[in-house]
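# Remarks on the overall topology
If you want the building blocks of each chain, they are given just below.
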Amino acid sequence: MHQKWQRWNTASRKWLWILVVLGIIAAIPVIYDRYRTESSSNNVELVYNYRGLVETASYQAHPEEYLQQQLDQLKAAGVTSMAMFESTLDDFKKSRRIMMFNAGDVASMTKSVIPTNDNYTYILFTNEENAGRLSPLIEDTFTGIGIGVKPWEFNGQKGLILETSPEDAVLKPMQPDPIAFEMLRSKGFNIVPRMSDSLPYNQEAMDKLLAYYQANGVKRVLFEGDSVKGFNDNEDMNSLQGFANLLNQYGIGIAAIENLKQPQKGLSKLAYDTDYNVARLYSLSDRDAAALSPETIADRFALATKDRNIRMLYINVAPSRNVTKATITDSVENIVKTLQEPGNAIKQMENNGFKMGQAGAFHIYDSAGQRYFKMVVVLGGVAFVALLVSYFIPALTLIAFVLGLIGSAGLYVLKPTLFEQALALLVAISAPTIAVLLAVRKLNEMNAANAGLTSGRRLAHAVVTYIKTAIISMSAIPFVIALLNNITYSLVLNQFRGVSLLHAAPIGLIAIYVVLYRGGKPLQQIGKLFRTPITLVWVVAAAVLGVLGLYYLSRTGNGGSVSSIEMTFRTFLENTFHVRPRSKELVAHPLFLLGIFLSLRYRNVVYLMIFTVIGQLSMVDTFAHIHSPMKISFVRDLLGLGLGFIFGLIAIGVWQVLEGCWKRWVPRLRRP
């Protein structure tokens with residue numbers, strides 16, 4: 001019975017491989033849907049921070065003249081939109097629309113005694129237009145939150161008294177400055193309003209505001225602070241759904257800011273309720289806008305749009321004190337040079353197939369049969385994981401497959417997102433592990449059967465193994481794409497978990513296979529290891545490997561640290577090939593080719609395979625960065641394989657030369 005069970009498990013591998021192939025075929029329509037989705041939005045919106053520009057102008061001798069000059073310059077350079085924050089009294093003060101006083105100031109102005117129990121805010125409008133346009137806005141805002149407002153006049157100038165302290169009054173957000181709004185529209189700028197959630201949500205007022213935005217061509221809003229509009233009142237008012245309904249009614253989408261420490265609260269729900277009418281946004285800080293060279297900023301913009309599905313580029317500006325020049329400076333000129341010459345950011349993006357304009361959302365393509373194709377993909381994915389089990393514990397092959405199907409069904413019902421991520425991760429681990437494991441097995445067979453292969457045959461076997469291993473490793477890619485084909489991953493509203501495990505597990509599994517399975521039965525090898533004396537060399541080697549392992553894991557994910565030397569190398573690769581291959585692959589792929597070549601002569605070089613699996617898993621991991629367009633990831637993998645192959649051949653040639661020199665000169669040196 002035991003022998004029959006073993007035969008069933010061994011025979012099942014063939015059927016499991018067939019299921020894997022069927023899973024790959026079934027993934028093709030899903031891959032095509034994702035390709036169409038990624039190709040559906042090509043507009044890039046250049047958004048400038050208007051509040052920062054106004055603040056910068058307030059430091060100039062002629063603020064209004066300076067502001068108009070800079071706006072004209074930015075428009076000519078290609079900036080398409082202006083981001084307008086909700087206005088505050090401080091904003092109106094900086095733009096010279098109002099003057100603001102406290103009770104002490106008014107007492108001095110009127111030569112009276114300061115009130116003992118009134119700490120009010122006093123506002124004077126600087127002209128009749130400002131009074132007519134801003135007075136109703138200020139009154140509506142403050143009376144709407146229960147703060148009294150009374151008319152006031154001083155020296156013939158109209159004003160208001162706000163029954164709250166100046167410190168409190170300046171914190172209250174209002175509708176964006178309507179005068180500035182109209183001025184920017186007249187100059188041809190689109191408006192991207194920034195909305196906060198600091199005041200109680202009001203559906204009626206929001207309806208009126210969004211109608212105004214729609215009438216003025218607003219297509220997308222951006223949120224300020226740590227939550228979206230309506231989040232704080234959602235529990236009591238269901239305000240997120242109400243806000244989403246209004247956004248849908250007026251055809252206005254939202255923006256998701258890249259690389260925030262914490263996602264803005266409520267963004268995922270709002271995105272879902274607006275049918276993912278979302279554009280990703282890259283924010284250039286005011287410090288970087290001033291300090292970085294135009295070429296560097298231009299490269300950032302080009303990479304963000306091409307490699308990370310960014311469709312909005314947000315440019316911050318702030319005044320800075322230049323002690324060397326004894327003047328107040330800003331980054332406007334640097335940004336103009338970035339967008340035009342010498343940075344040529346707009347030209348670079350247009351050469352990549354993008355157009356400058358208002359950012360649109362991706363159109364989600366979801367073909368009718370995608371659900372059924374994914375079922376076959378799941379079947380193939382479970383088969384892939386069972387295959388991995390079969391190469392370590394053959395007796396558990398069928399059990400692993402059956403349990404995998406049962407577990408997948410249960411997890412799909414209870415937590416579908418966790419299910420798709422878990423299966424994608426397990427397949428991503430299985431494929432490169434199996435690929436390198438089969439390469440090690442082939443090496444063992446050839447070492448046992450063919451002693452003394454010529455260099456030409458060793459090279460031929462190395463090349464064939466290199467190609468076969470890459471194909472098996474990359475067979476995980478269709479599964480990762482199909483299982484994680486959801487717009488939430490592309491928009492980084494949801495993220496693939498387990499990247500560190502993906503980088504570590506194949507290395508550990510190959511190490512176990514090489515150490516325990518290559519030289520005989522695993523249990524015998526374990527006993528042999530326990531009987532082996534531990535030397536100082538072992539301790540030092542373990543310490544070195546531990547440090548290297550920690551450094552390697554620190555490089556995984558989006559937060560990995562990169563040295564300045566590597567950044568220079570990355571820039572060189574990007575500029576040379578237009579798509580940058582991954583650095584790990586440019587090391588691991590040549591090492592793999594060299595390792596195969598050497599292992600066919602020096603048996604123990606096979607331990608090198610433990611580290612070369614990094615290149616194989618890296619090819620799969622590239623597609624776990626789902627916010628990167630699929631075609632970019634494919635090109636990146638192919639470039640890595642091609643360059644790795646060339647570098648590997650060079651390494652083999654160098655080894656042959658060094659080996660020849662060693663054989664020729666060492667015997668002569670040993671002669672007395």
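Up top is the structure these notes are about.
Residues numbered from 1 in each chain as written. Predicted model: local features only at pLDDT ≥ 70, side-chain atom pairs only at ≥ 80, totals over all residues. Heavy atoms only, no water.

### What to know about the overall build of the protein chain
Stated formally: Only DSSP runs of H or I with at least four residues qualify as helices, and only runs of E with at least two residues qualify as strands; both kinds are numbered from the N terminus onward. Only protein chains enter the area calculation, which uses a 1.4 Å probe; residues under 20% of their type maximum are buried, those over 50% are exposed, and those in between are partly exposed. Only heavy atoms enter the contact rule, under which two residues are in contact if any of them lie within 4.5 Å.
Helix and strand counts for the protein chain come out as 29 helices and 14 strands. Per-residue burial for the protein chain yields a buried fraction of 48% across its 672 residues. Long-range pairs, those at least 24 residues apart, make up 80% of the contacts in the protein chain between residues at least 6 apart in sequence.

### Structural notes on unusual backbone geometry
Residue Glu 341 is joined to Pro 342 through a cis peptide bond whose omega torsion reads 5°. Within the secondary structure, Pro 342 is located in the loop between α15 (332-339) and α16 (345-351). In this structure, Asn 238 takes a positive phi of about 50° despite not being glycine. The topology assignment puts Asn 238 in the loop between α10 (234-237) and α11 (239-249). The exposure class assigned to Asn 238 is partly exposed, which follows from its relative accessible area of 44%. The phi angle at Asn 309 is positive, at roughly 55°, despite the residue not being glycine. One can find Asn 309 in the loop between α14 (294-307) and β11 (310-315).

### With respect to the environment of Arg 194
Selection criterion: Under the rule applied, a polar contact is a pair of N or O atoms within 3.5 Å (in protein, one hydrogen donor and one hydrogen acceptor; residues adjacent in sequence only if both atoms are side-chain atoms).
On the secondary structure map, Arg 194 appears in strand β7 (residues 190-195). C-alpha of Arg 194 to C-alpha of Ala 255: the two residues are 61 residues apart in sequence and 9.9 Å apart in space. Other than its neighbours up to four places away in sequence, Arg 194 contacts Ala 83, Met 84, Phe 85, Glu 86, Leu 222, Phe 223, Glu 224, Ile 257 and Tyr 314. Within the structure, the side chain of Arg 194 is placed 3.0 Å from the backbone oxygen of Phe 223, a separation counted as a polar contact. Among the polar contacts listed, one links the side chain of Arg 194 to the side chain of Tyr 314, at a separation of 3.3 Å.

### Here we look at the packing of helix α3 (residues 63-77) against α15
Helix-helix packing: each pair is described by the crossing angle between the helix axes and the interaxial distance. So the rule is basically this: Between N-to-C directions, angles cover 0 to 180 degrees, with each direction set by a line fitted to C-alpha atoms, over the stretch in contact for helices. Angles are sorted into four bins: roughly parallel if under 35 degrees, roughly antiparallel if over 145, roughly perpendicular if 65 to 115, and oblique for all others. The hand of a helix crossing depends on one turn: near helix anticlockwise from the far one by less than a right angle means left-handed, and clockwise means right-handed.
Where α3 contacts α15, the axes come no closer than 9 Å and their chain directions differ by 15°. If you check the angle between α3 and α15, you find them roughly parallel. When the axes of α3 and α15 are compared, the crossing they make is left-handed. Contact residues: Tyr 66, Gln 70, Gln 73, Leu 74 and Ala 77 in α3; Val 332, Ile 335, Val 336 and Leu 339 in α15.

### Thoughts on the pattern of salt bridges
Heads up, the rule is: Salt bridges are identified by distance alone: a Lys or Arg side-chain nitrogen within 4 Å of an Asp or Glu carboxyl oxygen.
Evaluated as defined, the whole model comprises 20 salt bridges. Linked by salt bridges that have partners in common, Glu 55, Asp 90 and Lys 94 make up one network.

### Some details on the packing of helix α18 (residues 397-414) against helix α19 (residues 416-449)
Inclusion rule: Note on residue classes: Ala, Val, Leu, Ile, Met, Phe, Trp, Tyr, Cys and Pro are nonpolar, Asp, Glu, Lys and Arg are charged, and everything else, Gly too, is polar.
Interhelical geometry of α18 versus α19 gives an angle of 140° and a closest axis separation of 5 Å. Accordingly, the angle class assigned to the pair α18 and α19 is oblique. Together, Ser 408, Leu 411, Tyr 412, Val 413 and Leu 414 of α18 and Pro 416, Leu 418 and Phe 419 of α19 make up the contact between the two elements. Classifying every residue of the contact of α18 with α19 by side-chain character gives seven nonpolar, one polar and no charged.

### Overview of the sheet that holds strand β6 (residues 157-162)
We count it as follows: Between any two strands, at least two bridges found by DSSP are needed for them to pair.
Here four strands make up an open sheet; going across it, the order is β3-β4-β6-β5 and the pairing antiparallel. Across the chains shown, the open sheet's two edge strands, defined by having one partner strand only, are β3 (98-101) and β5 (149-154). Geometrically, the sheet is characterised by an average inter-axis angle of 25° between neighbouring strands, direction not taken into account. Bridge count for β5 against β6 is six bridges, and the pairing is antiparallel. Its bridge partner being in β6, Val 149 is matched across the sheet by Leu 162.

### Considering the packing of aromatic side chains
Here is the rule we go by: For Phe, Tyr and Trp, where Trp contributes only its six-membered ring, two rings pair if their centres lie within 6.5 Å, and the inter-plane angle classes them as stacked under 30 degrees, edge-to-face over 60, or tilted in between. Cation placement over rings: the criterion is NZ of Lys or CZ of Arg within 6 Å of the ring centroid and within 35° of the ring normal.
All told, the structure shown has 17 aromatic pairs when counted by the stated rule. Pairing Phe 384 with Phe 479 gives two aromatic rings, centres 5.9 Å apart and planes at 70°, and the pair type is edge-to-face. One end of the pair, Phe 384, is in helix α17 (residues 370-392); the other, Phe 479, is in helix α21 (residues 477-483), and 95 residues separate them in sequence. Pair check on accessibility: Phe 384 and Phe 479 agree, each one buried. Each member of the aromatic cluster is reached from another via a ring pair, and the members are Phe 101, Tyr 122, Trp 152 and Phe 154. The lysine or arginine in question, Lys 75, covers the ring of Phe 189, its NZ or CZ lying 5.3 Å from the ring centre. A cation over an aromatic ring shows up here: Arg 458 above the ring of Phe 597, its NZ or CZ 4.1 Å from the ring centre.

### Considerations on a nonpolar patch on the surface
As a reminder of what qualifies: Exposure above 30% relative accessible area and the absence of a salt bridge qualify a residue for a patch, where like charges join within 9 Å and nonpolar side chains (Val, Leu, Ile, Met, Phe, Trp, Tyr) within 5 Å. Exposure was quantified through the Shrake-Rupley algorithm and a 1.4 Å probe, taking into account, for residues, occlusion by the shown protein chains and nothing else.
Taken together, Trp 15, Ile 18, Val 21, Leu 22, Ile 25, Ile 28 and Val 376 make up a surface patch of nonpolar side chains, about 640 Å² in accessible area. For the nonpolar patch, the element with the highest residue contribution is helix α1 (residues 2-38), accounting for six residues. Within the secondary structure layout, Val 21 lies in helix α1.

### Looking at the environment of Ile 487
As for its placement among the helices and strands, Ile 487 is situated in helix α22 (residues 487-490). Taking relative accessible area as the criterion, Ile 487 reaches 10% and is therefore assigned buried. Each C-alpha atom, one on Ile 487 and one on His 363, is 9.5 Å from the other, the two residues being 124 residues apart in sequence. Among residues more than four places away in sequence, those in contact with Ile 487 are Thr 37, Tyr 276, Phe 362 and Ile 364.

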